[in-house]
Amino acid sequence: MKSVVNHSAPVYRSFLSHRFAIVVILLTAFLAAPASEVLLGNQPARAAETDEQRDARMKWWRDAKFGMFIHWGLYAIPAGEWKGRTNHAEWIRHSAQIPRETYDEFLDQFNPTEFDADAWARMAKDAGMKYLVITSKHHDGFCLWPSDLTDFDVESTPFKRDILGELSAACRKHGIKFCLYHSIMDWHHPDYLPRRRWEKERSTEGADYDRYVAYMKGQLKELIERYDPAVLWFDGEWEGTWTHERGKDLDDYVRSLKPDIIINNRVDKGRRGMEGLTGGDQYRGDFGTPEQQIPASGLPGVDWESCMTMNRHWGWNKNDKNWKSTADLIRKLVDIASEGGNFLLNIGPKPDGTFPQPSIERLAAIGRWMDVNGESIYGTTASPVGKVPWGRVTQKSDKLYLHVFDWPKDDSILLPSVTTKVKNAYPLAETSKKLDVSQGDQGVTVSLPDEALDPIDTVIVLELAEPVVVDRSIKPQADGTIVLPAQLATVEGSTARFESKSDRNCIGFWTNPKDAVVWEFKVKKPGSYTVQLAYACEPPGGSRVEVEAAKQKLEAGVKATDGWGDFQTMSPGGITFDQPGTYSLTVRPLELKGEGVMNLRSVSLRPGASE
Ligand code: H79
């Protein structure tokens with residue numbers, strides 16, 4: 001095997017090749033920008049792109065919706081365990097504070113003889129995934145391809161084979177877009193700064209961060225020229241040495257090598273925490289990267305992708321048995337699609353080159369659901385009406401897809417606020433079974449079969465006569481009752497928000513007594529109405545709230561119920577509306593007792609004076 005050159009000296013074998021790399025970079029900059037800019041030392045501006053050009057470049061990615069993330073490297077060998085602690089994974093070199101020489105010993109042990117690129121690509125395809133993102137290099141610095149610029153690569157292991165080469169070919173064969181994750185942070189390269197705080201034995205003397213960046217660019221050039229990745233998924237951008245200027249420069253550089261490539265926002269410094277969305281226009285990056293979470297609501301015009309693990313670790317951890325259920329994973333995919341995002345679901349392969357069995361089973365089960373229901377995911381955009389109490393909604397051209405997670409007891413569901421004429425309704429799993437639809441002031445009511453066709457998510461297709469029209473204003477029901485549901489409320493405040501968990505559907509997390517909840521609605525028949533709140537409140541309760549509408553104020557004490565999920569009703573009194581028209585109603589706390597004010601599911605206004 002190749003040995004890792006020069007553990008002690010701050011020199012990498014790659015430095016010889018660096019001069020070459022730098023010349024190439026300068027040449028590329030010349031070609032990509034007007035000579036004057038280069039001569040003046042300006043950053044060459046990012047090639048201007050029209051909205052149409054951007055839409056064309058992003059199209060395959062937006063339509064794809066579902067991809068496979070793969071975290072694989074030397075860290076698979078210890079499998080998350082080191083000196084009795086079992087909660088490590090791809091961060092093990094740092095979290096177990098392993099010296100570089102000790103970590104390098106994994107090179108001799110990396111021999112994934114069962115690695116089968118074709119099988120991996122097939123599992124992604126059969127799960128319904130359209131792209132695959134694999135760690136060319138994680139924070140530990142180990143490279144899954146035979147790089148000319150370092151010996152800390154797969155070529156120095158007994159396995160020797162070009163993993164990225166085999167996998168990119170297999171992906172191409174199976175119609176999966178091949179993409180690469182690449183860590184900017186590098187705990188192995190002698191020129192990378194800063195060192196880990198605990199790492200005293202590796203001196204920083206002679207280290208040159210610019211030389212590290214040239215190394216990284218040289219490697220990215222290798223990766224793009226050899227494997228033609230459709231996405232570059234950067235990470236490890238948060239340390240102080242990586243700057244906005246460097247981010248712009250790297251973004252320009254990668255685009256100069258492959259103009260239609262898609263690059264995530266971690267190339268630059270604009271990512272806001274683990275929510276992952278970009279915090280300003282000045283930052284580079286084609287899409288936001290929420291990590292292990294789904295944004296509370298999709299943002300129009302913003303591309304994003306939630307990446308998540310199937311258990312609690314990215315890299316293989318043999319002790320982690322906390323596997324998410326198939327139902328949970330499918331509903332996460334649907335939830336993300338209903339908010340306009342992509343789902344990048346992770347696999348942490350084992351050191352023998354196989355996927356963990358629980359991952360294999362979940363991929364297959366998701367695939368069975370996607371075989372029937374993929375149409376309701378691919379190429380769709382966000383729900384036109386946000387979240388609904390019984391599940392989620394996606395849309396594509398003249399169709400709405402109603403994803404029913406919780407089968408209703410009365411066998412009908414209301415799609416609120418949609419006023420467009422519905423031509424046809426049927427389950428996606430049984431397209432010949434036409435369903436009855438009635439349309440009114442409140443939206444579209446669909447009669448469902450007695451039982452769910454799929455207990456995880458039964459998809460109902462609504463074919464519309466024209467592009468969807470949404471009227472979110474609240475109107476009285478047939479009997480004159482006006483229902484103000486939590487999902488149509490506007491929250492004025494900092495903590496209170498709509499909770500969409502199936503047994504909740506309420507304004508929850510109401511821990512700030514300054515937060516208020518407001519609805520706008522239409523009153524057709526003037527007169528007195530009885531106000532009724534549907535709410536839950538864990539003991540002890542005792543907060544006081546005010547309900548205000550039409551310049552009248554009611555007060556009520558919040559009595560405890562049997563917990564945050566036990567909903568009861570209370571009536572603080574009546575309100576009179578003198579004239580027909582649009583009104584607003586506000587519920588605001590006067591006094592907070594206990595953890596939260598209440599979980600507020602709805603406010604109803606029933607015609608007639610209160611008793
Ligand atoms: O590759 C997987 C993880 O190993 C890697 N990203 C996924 C895709 C990962 N690296 N770090 N973390 C996950 C968690 C680190 C979070 C923090 Fe920060 C980094 C906390 C402070 C610095 C990012 C930047 C979040 C807040 C600021």
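> Would you mind going over the site of the ligand in detail, with residue names and values included?
Within the structure, the ligand sits among 15 residues, and H71, E90, H138, D235 and E291 are positioned closest to it. One nitrogen or oxygen atom from the side chain of W91 is found 3.0 Å from an oxygen atom belonging to the ligand. Here an oxygen atom of the ligand and a side-chain polar atom of H138 are 2.8 Å apart. The residue inventory of the shell around the ligand, partitioned by class, reads six nonpolar, four polar and five charged.

> With reference to specific residues and values, describe the packing of helix α7 (residues 117-126) against helix α8 (residues 163-174).
Between α7 and α8, the least distance of the axes is 8 Å, while the angle of their chain directions is 45°. With respect to α8, the element α7 is oriented oblique. In this structure, α7 crosses over α8, and the sense of that crossing is right-handed. Between α7, through A117, D118, W120, A121, R122 and K125, and α8, the contact on the second element is made entirely by E166, L167, A170, C171, K173 and H174. Of the residues that constitute the contact of α7 with α8, the class distribution is six nonpolar, one polar and five charged.

> Let's hear about helix α3 (residues 51-64): which residues, and what values?
The end-to-end C-alpha separation of α3 is 20 Å, in line with the 20 Å expected for 14 residues at 1.5 Å each. Considering bend angle alone, the principal kink of α3 is centred on M58 and spans about 50°. For α3, the full list of buried residues reads R57, M58, W61 and A64. Positive backbone phi, approximately 70°, marks K65, located one or two places after α3.

> Describe the pattern of salt bridges, naming the residues involved and giving the relevant values.
One pass over the full model with this rule turns up 42 salt bridges. D303 serves as the salt-bridge partner of R54, at 2.7 Å between the closest nitrogen and oxygen. Taken together, the residues span a long stretch of sequence, with R54 in helix α3 and D303 in the loop between β5 (262-263) and β6 (305-308) at a distance of 249 residues. Note on R54: relative accessible area 24%, which makes it partly exposed. Of the charged contacts in the structure, one is a salt bridge between R211 and D191, with a shortest N-O distance of 2.8 Å. Within this pair, whereas R211 is found in helix α9 (residues 209-227), its partner D191 is found in the loop between β3 (177-183) and α9, the two being separated by 20 residues in sequence. Residue classification places D191 among the buried residues on the basis of a relative accessible area of 0%. What you see here is one network of salt bridges that share partners, running through E49, R54, D55, R57, R62, D251, D252, R255, R284, D286 and D303.

> Break down the packing of aromatic side chains for me, citing the residues and quoting the values.
As enumerated under the stated definition, the model contains 26 aromatic pairs in all. Taken together, a centroid distance of 5.9 Å and an interplanar angle of 55° make the contact between F69 and Y181 tilted. One end of the pair, F69, is in strand β1 (residues 66-70); the other, Y181, is in strand β3, with 112 residues separating them in the sequence. Considered together, F69 and Y181 belong to a single accessibility category, that of buried residues.

Conventions we followed
Residues numbered from 1 in each chain as written. Predicted model: local features only at pLDDT ≥ 70, side-chain atom pairs only at ≥ 80, totals over all residues. Heavy atoms only, no water. Near = heavy atom within 4 Å. Polar contact = N/O pair within 3.5 Å; in protein donor to acceptor, adjacent residues only side chain to side chain. Nonpolar A, V, L, I, M, F, W, Y, C, P; charged D, E, K, R; others polar. Axes fitted to C-alpha atoms, helices over the stretch in contact; angles between N-to-C directions. Helix = DSSP H or I, 4+ residues; strand = E, 2+ residues; numbered from the N terminus. Parallel < 35°, antiparallel > 145°, perpendicular 65-115°, else oblique. Left-handed = near helix turned anticlockwise from the far one by under 90°. Contact = heavy atoms within 4.5 Å. Expected span 1.5 Å × (residues − 1). Bend = angle between axes of the 7 residues up to and from the residue. Buried < 20%, exposed > 50% of the residue type's maximum accessible area, 1.4 Å probe, protein only. Salt bridge = Lys/Arg side-chain N within 4 Å of Asp/Glu carboxyl O. Phe/Tyr/Trp six-rings, centres within 6.5 Å; stacked < 30°, edge-to-face > 60°.

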